[in-house]
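What follows is each chain in one-letter form.
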Amino acid sequence: MDENKERQFDKIVVFAMKLEGSTVGKQNSPYSIIVESVGEETGSGKGSFGQYLEKAYFGIRTNNESRPDFWPIPLELKASPLKRLKNGDLTAKERIVLNIINYREMAGETFENSHFKFKNESILLVWYVHDKNLENPDKEIDLVGVWKCLEEDFEQIKQDWETIKAKICSGHAEDISEGDTFLLGACTKGSTAATSLVQQPFSPVLAKQRALCFKHGYASHIYDVMQSRRARKDSEIRFMANKKERNLEQAVLAMFEPYIGKTSAQIEDALDYHVGGKSRLAYISRRIIGFSKKNESFYEFDVANIQVKTIRLEKNGKNRESMSFRNVNFCEIVGQDWEDSDLYEELTSKFIMVIFRRESDGMDYVLDNVRFWNMSQKDIDVCEEVWEKTKYLVMYGDYNHFPKESENPIIHVRPKGKNSEDLMATPQGGFEKKKCFFLNREYILQNVVEK
DNA sequence: GCATGATCATGC
DNA sequence: GCATGATCATGC
């Protein structure tokens, strides 16, 4: 997927996620008006919710096409019902039906070039609560997310697909049963079996029309996994609520607002979160936004490529330290172009700079200021030169003359390992001390702190 | 006092 | 065991 398509993909997902905890009827989709104005069936009854959702919310015409629904974006839309158990939990009500099997075509496919993979690699799943007394616009949507079955369960899905294909190729499509396979099944499709018999390529015997599906048990599993991922994102929901009337930047600043002027110890107590180590202020800062774990982020942050960084100022208003980035991977950098490099990706991020300050040595740091920052293109161009030089040195196996802080006004290379025995493989086949890029202390001071 | 090299706690 | 997001310790 190219960058533009990825952006479109993300936009669709963010748009779809607005449905969570709501109904289609309560949303302002431009398409809901069109559906009403042309008097189309808003639909009720079995099987129609998916079609209604497609039209009224996403503006997609119902089709039998073999391409993913959002083509050219490789994303397929599926609405699937949930039922409530006696204990109140929700679980998948039924299997998720995918594309109809064309026996002749599937016999000629490999898994890699299969129609199944093409159409169902990424599925935008909209889980709604089944309630036969409610009309489609009023059905409650519980959970929305993307399921990539090949990332989650590649081996089993592929094996199941091969099992189904093998029956067709041996001329026994009429013997296919949903029990043959584990996750991906072949379920019957059509009103009654008698009227839905079709031909198969290697036998004159007619076989039942079937469709590929995620079997009921797998559908339940998918829901459970998606739900547990959401549970870990309660903080994200809180953030999104906070964001409703603001843009992302205002929302982030609003989350820091109550802690400005507080010491790090006071913030820890308020958050009921206590950590040690050199990254302590970084953990606390991320916790304020709501990231529960060190590596956790929010979808909207990932999409916009936003990073949180901390800066500490001493009583003279100056920072003591430079700012580090990811380790340089010696083997990778030699094969990369600047615009594909790790450093380029990091430097073109939007940064949330969390600035702490203390009034004297030994005192606790106080949260002073929070601001969004990104590097100017002019400065990025300077970093490109330093990166090229670093790449060049790695290519020629010189690990002792990387650009120093005194050589460049913006960025330099320095060791960054557990200790001096912490090594990384080199393209020459040896090992060298781990290194990473640092933004210069003075550069941070002038361009971030004093701007 | 600052640049440079060395090292640390944490989470997965 | 390793990457992360840093800070510490030193020597000029």
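The residue numbers shown here count from 1 along each chain, following its written sequence. Here the convention is simple: chains get letters from A, ligands get numbers from 1, in the order in which they are written. Thresholds applied to this predicted model are a pLDDT of at least 70 for local features of residues and 80 or more for the giving and counting of side-chain atom pairs; totals over whole chains, interfaces and linings are not thresholded and use all residues.

### Thoughts on the sheet that holds strand 17 (residues 435-439)
- Being paired, for any two strands, means DSSP has found at least two bridges between them. Starting at the N terminus, helices and strands are each numbered in turn, a helix being any DSSP run of H or I of at least four residues and a strand any DSSP run of E of at least two. One open sheet accounts for three strands, arranged 11-17-14; its pairing is antiparallel. Only two strands of the sheet have a single neighbouring strand rather than two, namely strand 11 (323-327) and strand 14 (411-415). When the angles between neighbouring strand axes are averaged without regard to direction, this sheet yields 35 degrees.
- Two strands pair when backbone bridges link them, and strand 14 and strand 17 are joined in this way by five bridges, in the antiparallel orientation. Among the inter-strand pairings, arginine 414 is bridged to a residue of strand 17, identified as cysteine 436. Interaxial angle, 0 to 180 degrees, is taken between N-to-C directions of lines fitted to C-alpha atoms, where a helix line uses only the stretch in contact.

### Observations concerning the protein's contact with DNA strand C
- Any residue whose backbone-placed C-beta atom lies within 6 Å of a molecule or strand is treated as near that molecule or strand. With respect to spatial proximity, 13 residues lie near DNA strand C, and among them Lys278, Ala282, Thr310, Ser324 and Arg326 are the closest.
- Where the surface near DNA strand C is concerned, the elements lending two or more residues are helix 11 (280-289), strand 10 (306-313) and strand 11.
- Each residue receives one of three labels: charged for Asp, Glu, Lys and Arg, nonpolar for Ala, Val, Leu, Ile, Met, Phe, Trp, Tyr, Cys and Pro, and polar for the others, Gly being one of them. Residues of the surface near DNA strand C, tallied by class, amount to two nonpolar, five polar and six charged.

### Things to note about unusual backbone geometry
- Residue tryptophan 71 is joined to proline 72 through a cis peptide bond whose omega torsion reads 10 degrees.
- Summarising the element assignment, proline 72 is placed in the loop between helix 3 (48-56) and strand 1 (76-84).
- One non-glycine residue, aspartate 272, adopts positive backbone phi at about 55 degrees.
- With respect to the helices and strands, the residue aspartate 272 is situated in the loop between helix 10 (264-271) and helix 11.

### Some details on the nonpolar core
- Residues of type Ala, Val, Leu, Ile, Met, Phe, Trp, Tyr and Cys that are buried and joined through C-beta atoms within 7 Å form what is called a nonpolar core. Here a residue counts as buried when 20 or more other C-beta atoms sit within 10 Å of its C-beta, as exposed when there are 12 or fewer, and as partly exposed otherwise, the C-beta atoms being derived from the backbone. Among the nonpolar cores identified, the biggest contains 48 residues, and Leu53, Val126, Trp127, Tyr128, Leu212, Phe214 and Ala219 are the most heavily contacted of them.
- No other element matches the six residues that strand 4 (residues 123-129) contributes to this core.
- Leaving out residues up to four positions away in the same chain, tyrosine 128 has contacts with Phe49, Ala79, Pro81, Leu82, Lys139, Glu140, Ile141 and Asp142.
- Within the second largest apolar cluster, 33 residues are counted, among which are Phe301, Leu343, Phe437 and Ile444. Any residue pair is listed as a contact if its two C-beta atoms, each placed from the backbone, are within 7 Å.

### Regarding the confidence of the model for chain A
- Confidence of the predictor in every single residue is expressed as pLDDT, which spans 0 to 100. Taken as a whole, chain A shows an average pLDDT of 86; of its residues, 88% reach a score of 70 or greater.
- Predicted confidence for residues 42-46 stays below pLDDT 50, and this span has 11 contacts to residues more than four positions away or in other chains.

### Notes on the sheet that holds strand 5 (residues 141-147)
- Strand order in this open sheet of four strands is 2-1-4-5, and the pairing throughout is mixed. Every interior strand has two partners, whereas the edge strands, strand 2 (90-92) and strand 5, have only one. Across the sheet, the mean angle separating the axes of adjacent strands is 30 degrees when strand polarity is ignored.
- Taken together, the six bridges between strand 4 and strand 5 define a ladder with antiparallel strand orientation. Paired with isoleucine 123 across the bridge in strand 5 is tryptophan 147.

### Section: the packing of helix 10 against helix 11
- The geometry of helix 10 relative to helix 11 is characterised by a closest axis approach of 11 Å and an angle of 45 degrees between their N-to-C directions. Regarding the angle of helix 10 to helix 11, the classification is oblique. As for the relative orientation of helix 10 and helix 11, their crossing is left-handed in sense. In this structure, helix 10 contributes Ser264, Ile267, Glu268 and Leu271 to the contact, and helix 11 contributes Leu281, Ile284 and Arg287. Our angle categories are set so that under 35 degrees counts as roughly parallel, over 145 as roughly antiparallel, 65 to 115 as roughly perpendicular, and the remainder as oblique. It is the rotation of the near helix from the far one that decides the hand of a crossing: anticlockwise by less than a right angle makes it left-handed, clockwise makes it right-handed.

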